[in-house]
Amino acid sequence: MLSLAACKKDISSLNTDTKKPTVVPAGPLFAFASKAYVDAMTSASVNVNVFRFTVSHWAMTTYQDEARYDFTTRTIPQIWYRTMARDVLKNLTNSAEIVTADPLLSAGVKANQLAILDIMKVAAFSTLVNTFGNVPYTEALDANNLFPKYDDAKTISLDLIKRLNDDITKLNVASAGFSANEDIINKGSVAKWIAFANTLRMQQGLILADVDVATAKAAVEASDAGAISSAANNSILNYLPGAPSQNPLFVDIVTGGRGDYVIAEDLMKKLLALSDPRLPQFAAKNAVGVYVGGVVGGGNTLTTVSEPAPKVYAADAPSVVMDYVETEFYRAEAVERGFAVAGSAETHYNNAITASILFWGGTAEEAAAYLAQPAVAYATATGTWKEKIGTQKWIALYSRPFNGWTEMRRLDFPKITAPVSAISAFPTRFTYPSDEQQYNGTNYSAAAAAIGGDKSTTKLFWDKF
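Residues numbered from 1 in each chain as written. Predicted model: local features only at pLDDT ≥ 70, side-chain atom pairs only at ≥ 80, totals over all residues. Heavy atoms only, no water.

1. Let's talk about the overall build of the protein chain
1) Next: From N to C terminus, the protein chain includes 18 helices and four strands.
2) Next: On C-alpha atoms alone, the protein chain measures out to a radius of gyration of 23 Å, which is about the 23 Å that the 2.2 N^0.38 rule sets for 465 residues.
3) Next: Projecting the C-alpha coordinates of the protein chain onto the three principal axes gives extents of approximately 95 × 50 × 45 Å.
4) Next: Residues classed as buried in the protein chain amount to 55% of the 465 residues present.
5) Next: At a minimum sequence separation of 6, the contacts of the protein chain that also span at least 24 residues come to 73%.
6) Next: Accessible surface, the protein chain as shown: approximately 19,200 Å² in total, 57% of it carbon and sulfur. (Helix = DSSP H or I, 4+ residues; strand = E, 2+ residues; numbered from the N terminus. Rg over C-alpha atoms; globule rule 2.2 N^0.38 Å. Buried < 20%, exposed > 50% of the residue type's maximum accessible area, 1.4 Å probe, protein only. Contact = heavy atoms within 4.5 Å. Areas by Shrake-Rupley, 256 points an atom, 1.4 Å probe, with all protein chains shown as cover.)

2. Observations regarding the nonpolar core
1) Next: Core analysis: the largest hydrophobic core is formed by 120 residues, its most contacted members being Tyr37, Trp58, Trp80, Trp193 and Tyr349.
2) Next: A per-element tally of this core places helix H5 (residues 107–132) first, with twelve residues.
3) Next: If we ignore the near neighbours within four places in the chain, the residues touching Tyr37 are Met84, Val88, Met120, Ala123, Ala124 and Thr127.
4) Next: Of all hydrophobic cores here, the second largest spans ten residues; its members include Met202, Leu206, Ala334 and Val341. (Core = buried A, V, L, I, M, F, W, Y, C linked by side-chain atoms within 4.5 Å.)

3. Quick notes on the environment of Ala448
1) Next: Mapped onto the secondary structure, Ala448 falls in helix H18 (residues 441–451).
2) Next: Through-space distance from the C-alpha of Ala448 to that of Tyr349 is 38 Å; in sequence the pair is 99 residues apart.
3) Next: For Ala448, the residues in contact, after removing those within four places along its chain, are Tyr432, Gly453 and Asp454.

4. Comments concerning helix H14 (residues 364–372)
1) Next: Every buried residue of H14 is accounted for by Ala367, Tyr370 and Leu371. For H14, the arc enclosing every buried residue in end-on projection is 95 degrees, short of the 170-degree limit, so these residues lie on one face. In H14, the exposed positions angled more than 90 degrees off the buried face are occupied by Glu365 and Ala372.
2) Next: Of the surrounding secondary structure, the elements contacted by the buried residues of H14 are helix H13 (345–359) and helix H15 (385–396). (Arc of directions from axis to C-beta.)

5. With respect to the side chain of Ser45
1) Next: Along the chain, Ser45 turns up in the loop between helix H2 (26–42) and helix H3 (51–54).
2) Next: With sequence-adjacent residues up to four places away left out, Ser45 is seen in contact with Val50, Asp252 and Tyr261.

6. Structural notes on the packing of aromatic side chains
1) Next: Within the structure shown, the criterion is met by 26 aromatic pairs.
2) Next: Ring geometry for Phe51 against Phe430: centres 5.4 Å apart, planes inclined by 20 degrees, an arrangement best described as stacked. In this pair, Phe51 sits in helix H3 while Phe430 sits in the loop between helix H16 (401–411) and helix H17 (434–439), placing the two residues 379 residues apart along the sequence. As far as burial versus exposure is concerned, Phe51 and Phe430 are alike and both buried.
3) Next: A ring pair is formed by Phe282 and Tyr398, whose centres lie 4.0 Å apart and whose planes are at 20 degrees; its orientation type is stacked. Taken together, the residues Phe282 in helix H11 (residues 279–282) and Tyr398 in the loop between H15 and H16 connect sequence positions 116 residues apart.
4) Next: Overall, Tyr398 belongs to the buried group, its relative accessible area being 2%.
5) Next: The side chain of Lys388 reaches across the aromatic face of Tyr378, ending 5.0 Å from its centre.
6) Next: The ring of Tyr432 carries Arg429 above its face, with NZ or CZ at 4.8 Å from the centroid. (Phe/Tyr/Trp six-rings, centres within 6.5 Å; stacked < 30°, edge-to-face > 60°. Lys NZ or Arg CZ within 6 Å of the ring centre and 35° of its normal.)

7. Focus: the side chain of Asn440
1) Next: For Asn440, the location among the structural elements is in the loop between H17 and H18.
2) Next: Here Asn440 falls in the buried class, since its relative accessible area comes to 3%.
3) Next: With near-sequence residues (within four places) excluded, Asn440 lies in contact with Phe147, Pro148, Tyr150 and Asp435.

8. Quick notes on the environment of Thr380
1) Next: Following the sequence through the fold, Thr380 ends up in the loop between H14 and H15.
2) Next: Engagement of the side chain of Thr380 in a polar contact is seen with the backbone oxygen of Pro374, the distance being 2.7 Å. (Polar contact = N/O pair within 3.5 Å; in protein donor to acceptor, adjacent residues only side chain to side chain.)

9. A short note on the pattern of salt bridges
1) Next: Applying the stated rule across the entire model yields 21 salt bridges.
2) Next: A salt bridge links Arg86 to Asp87, with the shortest nitrogen-to-oxygen separation between them at 2.7 Å.
3) Next: Exposure remark for Arg86: the relative accessible area of 47% places this residue in the partly exposed category.
4) Next: Judged by its relative accessible area of 16%, Asp87 is buried.
5) Next: We note a salt bridge from Arg331 to Asp224, for which the minimum N-O separation is 2.8 Å. Here Arg331 is found in helix H12 (residues 324–336), whereas its partner Asp224 is found in the loop between helix H8 (213–223) and strand E2 (235–237), with 107 residues between them in sequence. A single burial state applies to Arg331 and to Asp224, both of which are buried. (Salt bridge = Lys/Arg side-chain N within 4 Å of Asp/Glu carboxyl O.)

10. Focus: the packing of H5 against H16
1) Next: H16 packs onto H5 with a crossing angle of 50 degrees between their chain directions and a minimal axis gap of 11 Å. With respect to each other, H5 and H16 are oriented oblique. Once H5 is placed against H16, the crossing between them reads as left-handed. Contacts between H5 and H16 involve Thr127, Asn130 and Thr131 on the former and, on the latter, Phe402, Trp405 and Arg409.
2) Next: Residues of the contact of H5 with H16, tallied by class, amount to two nonpolar, three polar and one charged. (Axes fitted to C-alpha atoms, helices over the stretch in contact; angles between N-to-C directions. Parallel < 35°, antiparallel > 145°, perpendicular 65-115°, else oblique. Left-handed = near helix turned anticlockwise from the far one by under 90°. Nonpolar A, V, L, I, M, F, W, Y, C, P; charged D, E, K, R; others polar.)

Okay, here's the thing in structure tokens:
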């Protein structure tokens, strides 16, 4: 009885975990969300990111479903949507709530941090809109609303530009942002975030260029001077050699033992035809020392075709989030569209290609020789400005396949070979996630009807040609 009397009656404190924090600081949430975003964009997992097959950069030797535009067997749309909504946007939102409530932050630091968080939210929402079309936006990320309505894709896109306008005005290099450890993309540089945001606004404007010229023109012209102006301003996530911070391609190919990725025939033929100095950086020779591309969707024998070069999937290979190459191609396009952007289309085109070759380890001399070829030179290359820019941008966006898919849909070049046994024509969007169809059926049905049908070949509102 004496022993029982000595027992503690209130044992609720035993439920408290003394080793795990009950509140996560804003910085780590921002870092986690940033890494989740870049990981998804970089990955080659057939469960997550299949766009390398879609843009005919890579092919497979074994599993052909995704290469043939079958995105539903592995529920890829669901995983892609969940990654952007839950892992990226939700954590960015939570981080912003913590920053807003923090009484210790100076006004300048708080303004910078909130603007940076919103810029990343714009990037993630843009990814969702340009993957699916209409998506939840005004009612998204509300844990109390399990059945959010879908907003019109163009309305979202216009609002994203407005948000960037506001974010850019709030960024101020006189104050700090996040620390270098928390800001894994720009390592604490507010100046780089300003350049990032301007290039992102330029990108968002040009996505609208065929449906809303006035908005596109205003966005691009407002961004030109402040957008990325050299490789020194590139926004890059530098992965590390050790787990868990390795490049996802290393995890997919080396750790995961996936030796069935090969270079697609379309890309290989183009690189060979142009004697492209990036070829040995992009691809390895086959077993007999020759560069050979594989057929997308077809049976490829690993020893006879070229695999990606080890540099591409090294554990510490960097992943580009936004860079000078992309920005210069945007400027070249803007000039061709008649927007008031400094410089000529040819100069920006040359700058973009040169920067890409240098990034992959080539030399200025190699870039000059490449640009001197009649098939590459802006004045003599085949086709309209859309074909010239679109083809070279397709090459330069190697290992940035989602961006490559967006540009192919916008510019309609290059023309690629349909996969063997493709289940549809070229996909212009993902179908909506299966769980949205099941659990948010009313709003899903309304969204599907509004965009013209929930099919992978339904064109998004900006894809007019």
